[in-house]
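# Descriptive structure summary
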Amino acid sequence: MELTRIAIDGPSGSGKSTISRLLAEALHLEHIDTGAMYRAVGYEALRQGWSTRDVEAEPALLDGMEIDFQDGGVLLNGEALGDRIRTPEVAKAASDFSALAPVRAKLVELQRGIGRRKSVVMDGRDIGSNVLTDAEFKFYLTASVEERARRRCLELRQKGIEADPAQVQADIAARDYNDSHRKLNPLCRAEDAVEIDSSAMEIPEVLDCMLALIRGKDPAAAAGTAPCAREKKEQK
Ligand code: DC
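I will try to describe carefully the structure that is included in this document. (Residues numbered from 1 in each chain as written. Predicted model: local features only at pLDDT ≥ 70, side-chain atom pairs only at ≥ 80, totals over all residues. Heavy atoms only, no water.)

### Looking at the overall build of the chain
The cut-off we apply is this: A run of DSSP states H or I qualifies as a helix once it reaches four residues; a run of E qualifies as a strand once it reaches two. Both are numbered from the N-terminal end. The reference for a compact globule is 2.2 Å times residues^0.38; the radius of gyration itself is calculated from the C-alpha atoms. Accessible area is worked out with a 1.4 Å probe on protein chains only. A residue is then buried under 20% of its type maximum, exposed over 50%, and partly exposed in between.
If you tally the helices and strands in the chain, you get 10 helices and nine strands. Here the chain has a C-alpha radius of gyration of 17 Å; the compact-globule value for 236 residues is 18 Å, and the two agree. The principal-axis extents of the C-alpha atoms in the chain amount to approximately 50 × 50 × 30 Å. For the chain, buried positions account for 46% of its 236 residues.

### Let's talk about the packing of helix H4 (residues 88–97) against helix H8 (residues 165–181)
As a reminder, the rule being used: Where helices are involved, their axes are fitted lines through C-alpha atoms of the stretch in contact, as for all axes, and angles between N-to-C directions lie from 0 to 180°. Just so you know how the angles are binned, under 35 degrees is roughly parallel, over 145 roughly antiparallel, 65 to 115 roughly perpendicular, and the rest oblique. For any helix crossing, the convention is left-handed if the near helix is rotated counterclockwise from the far helix by under a right angle, and right-handed if that rotation is clockwise. Here, two residues are considered to be in contact whenever any of their heavy atoms come within 4.5 Å of each other.
Running from N to C, H4 and H8 cross one another at 20 degrees; their axes reach a closest spacing of 10 Å. On the basis of the axis angle, H4 is roughly parallel to H8. For the element pair H4 and H8, the recorded crossing hand is left-handed. Contacts between H4 and H8 pair Ala91, Ser95 and Asp96 from the former with Arg175, Asn178 and Asp179 from the latter.

### Some remarks on the site of the ligand
Here is the rule we go by: Whether a residue is near a molecule or strand depends on its heavy atoms: if one lies within 4 Å, it is near. What qualifies as a polar contact is a pair of N or O atoms within 3.5 Å, subject to a donor-acceptor requirement within protein and to the restriction that residues adjacent in sequence count only when both atoms come from side chains. Note on areas: Shrake-Rupley with a 1.4 Å probe; residue coverage comes only from the protein chains shown. Classification used: nonpolar for Ala, Val, Leu, Ile, Met, Phe, Trp, Tyr, Cys and Pro, charged for Asp, Glu, Lys and Arg, polar for all others including Gly.
Near the ligand you find 17 residues, and of these Arg39, Arg104, Arg125, Asp126 and Arg182 are the closest. In the environment of the ligand, an oxygen atom lies 3.2 Å from a nitrogen or oxygen atom belonging to the side chain of Asp179. Within the complex, the protein chains bury 97% of what would otherwise be the 450 Å² of accessible surface of the ligand. For the shell around the ligand, the elements supplying multiple residues, two or more each, are helix H2 (34–48), H4 and H8. Each residue belonging to the shell around the ligand can be placed in one class, and the counts come to three nonpolar, five polar and nine charged.

### So, the environment of His28
Note that His28 resides in the loop between helix H1 (16–27) and strand S2 (30–33). Taking the relative accessible area as the measure of exposure, His28 reaches 73% and is therefore exposed. Along the sequence, His28 and Arg84 sit 56 residues apart, while their C-alpha atoms lie 27 Å from each other.

### Brief notes about unusual backbone geometry
Backbone geometry places Asp71, a non-glycine residue, at a positive phi of 50 degrees. The class of Asp71 is exposed, set by a relative accessible area of 81%. Residues other than glycine seldom take positive phi values, yet Asn77 does so here, at roughly 45 degrees. Summarising the element assignment, Asn77 is placed in the loop between strand S4 (73–76) and strand S5 (79–80). Using a relative accessible area of 44% as the deciding quantity, one classes Asn77 as partly exposed.

### Focus on the pairing of S4
Just so we agree on the cut-off: DSSP bridges decide pairing: two strands pair if at least two such bridges lie between them.
Where strand S3 (residues 67–70) lies against S4, four bridges are found, and the strand directions are antiparallel. Within S4, the position partnered with Asp68 by the bridge is Leu75. Hairpin connection between S3 and S4: a loop of two residues separates the two successive antiparallel strands, and Asp71 in this loop has a positive phi of roughly 50 degrees. Both S4 and S5 contribute to a ladder of two bridges, which runs antiparallel. Bridge pairing in S5 links Leu75 to Ala80. Linking S4 back to S5 in an antiparallel pair, the connection comprises two residues, with Asn77 at a positive phi of about 45 degrees.

### Remarks on the nonpolar core
The criterion, for reference: The definition of a nonpolar core used throughout is a set of buried Ala, Val, Leu, Ile, Met, Phe, Trp, Tyr and Cys residues joined through side-chain atoms within 4.5 Å.
Val41, Ile67, Val74, Val103 and Met122 are the most contacted members of the largest nonpolar core, which has 34 residues in total. Where this core is concerned, the elements lending two or more residues are H2, S3, S4, H4, helix H5 (101–117), strand S6 (120–124) and helix H6 (127–131). Among the elements that make up this core, the one with the highest residue count is H2 (seven residues). If we ignore the near neighbours within four places in the chain, the residues touching Met122 are Ile6, Ala7, Ile8, Ile32, Thr34, Gln111, Ile114, Gly115, Ile127, Val131 and Leu132.

What follows is the structure, given as structure tokens:
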């Protein structure tokens with residue numbers, strides 16, 4: 001059986017998880033949210049009271065963690081974590097622990113194993129550049145930090161949480177910095193990834209753009225910015 005692997009990378013708040021889920025649905029592929037795997041590690045570390053130093057000194061602490069997926073959600077030792085991994089504390093812990101070599105080694109191996117067995121849309125920070133370097137399609141989804149902060153505030157408001165927009169933007173900028181400046185597999189665009197700037201695009205437009213590129217295998221978009229995103233930006 002021939003496998004199709006689609007890699008989607010980008011900074012936090014670029015919409016990659018939503019887009020990846022919708023793309024997987026449209027193409028009948030499994031969606032693997034690798035950020036949720038790092039969040040599961042962050043969640044467990046907070047629960048156990050581990051610091052990054054503890055895990056660096058004793059990587060075997062990670063051995064007892066079995067991470068899997070069920071119905072698109074992450075499982076830790078068989079337990080569905082749901083929205084418990086979506087808190088700001090867990091996001092911060094996920095970012096901190098994702099910089100550790102033993103954490104990355106464990107999760108990258110798991111992710112590559114999934115990619116060998118299944119057709120997937122896998123999203124994260126280093127999927128195209130490190131985990132699935134031979135993926136058939138690679139996208140790098142971005143949006144301006146202001147737009148990502150605006151979306152995040154809107155999302156929080158819908159949950160009844162009022163957040164300070166300046167603080168939300170500062171948190172996003174700090175996480176961008178952490179994720180793209182760590183030594184191991186930092187957030188970066190793979191050379192052969194198609195970049196889509198979604199700042200001025202709605203979700204369905206981004207999805208259509210990706211589907212057109214995948215179905216048409218548009219050679220003009222083999223590298224560089226996706227034409228549909230570029231046109232949109234020019235119109236803005
Ligand atoms: O996409 P997210 O916000 O759920 O990711 C949580 C953290 O995990 C993020 O700060 C960076 C890290 N991460 C990573 O280092 N590599 C990935 N492939 C996915 C996420």
